[in-house]
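Here is how the chains run, residue by residue.
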Amino acid sequence: QVQLVESGGGLVQAGGSLRLSCAASGNIFRPNIMNWYRQTPGNQRELLATMTSGGVADYSDSVQGRFTVSRDDVKNMMFLQMNNLKPEDTAVYYCRMRGYITGNEYWGPGTQVTVSS
């Protein structure tokens, strides 16, 4: 079992920045892939960023150039640095982990990010 907990969300003005954290605990198998998603009411979860165990990052077009993902496997944490936030970034942000070997998928409960105009 793996538990993921996001933190760092809150209310921020447009143009501001937030740094989200995802803390992983439990039986963490490596290698694994970790992602950041977000979801607004009535919509599917949107994939924002991917970070592999090898440190390869990938971003969606909507956040490319503004968001930066990183991970620290020693501390079992993943981060999402969000800069130049826009009102359309308002959503619940989720951390996801998937083991390459196990295929198991884990999600955090999400953290709310609200960007005011």
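The structure presented is a predicted model; accordingly, all values stated were derived computationally and were not measured.

A. Layout of the state of the cysteines. Scanning the entire structure with this criterion turns up 1 disulfide. Two residues, cysteine 22 and cysteine 95, share a disulfide whose sulfurs are 2.0 Å apart. Of note, the bridge from cysteine 22 to cysteine 95 carries an S-S torsion of about -75° and is left-handed in sense. With cysteine 22 in strand β3 (residues 18–26) and cysteine 95 in strand β9 (residues 91–99), this residue pair connects regions lying 73 residues apart in the sequence. Both residues of the pair, cysteine 22 and cysteine 95, count as buried.

B. Main features of the environment of asparagine 27. You can see asparagine 27 is positioned in the loop between β3 and β4 (32–39). On a C-alpha basis, the gap between asparagine 27 and aspartate 73 in space is 13 Å, while along the polypeptide they are 46 residues apart. Those residues in contact with asparagine 27, other than ones at most four positions away along the chain, are Gln1 and Val2.

C. A look at the nonpolar core. With 28 residues, the main nonpolar core has Leu4, Trp36, Phe67, Val69, Leu80, Met82 and Tyr93 as its most contacted residues. Every element with two or more residues in this core is listed here: β1 (2–7), β3, β4, β5 (46–51), β7 (67–72), β8 (77–82), β9 and β11 (111–116).

Analysis parameters
Residues numbered from 1 in each chain as written. Predicted model: local features only at pLDDT ≥ 70, side-chain atom pairs only at ≥ 80, totals over all residues. Heavy atoms only, no water. Disulfide = S-S within 2.5 Å. Helix = DSSP H or I, 4+ residues; strand = E, 2+ residues; numbered from the N terminus. Buried < 20%, exposed > 50% of the residue type's maximum accessible area, 1.4 Å probe, protein only. Contact = heavy atoms within 4.5 Å. Core = buried A, V, L, I, M, F, W, Y, C linked by side-chain atoms within 4.5 Å.

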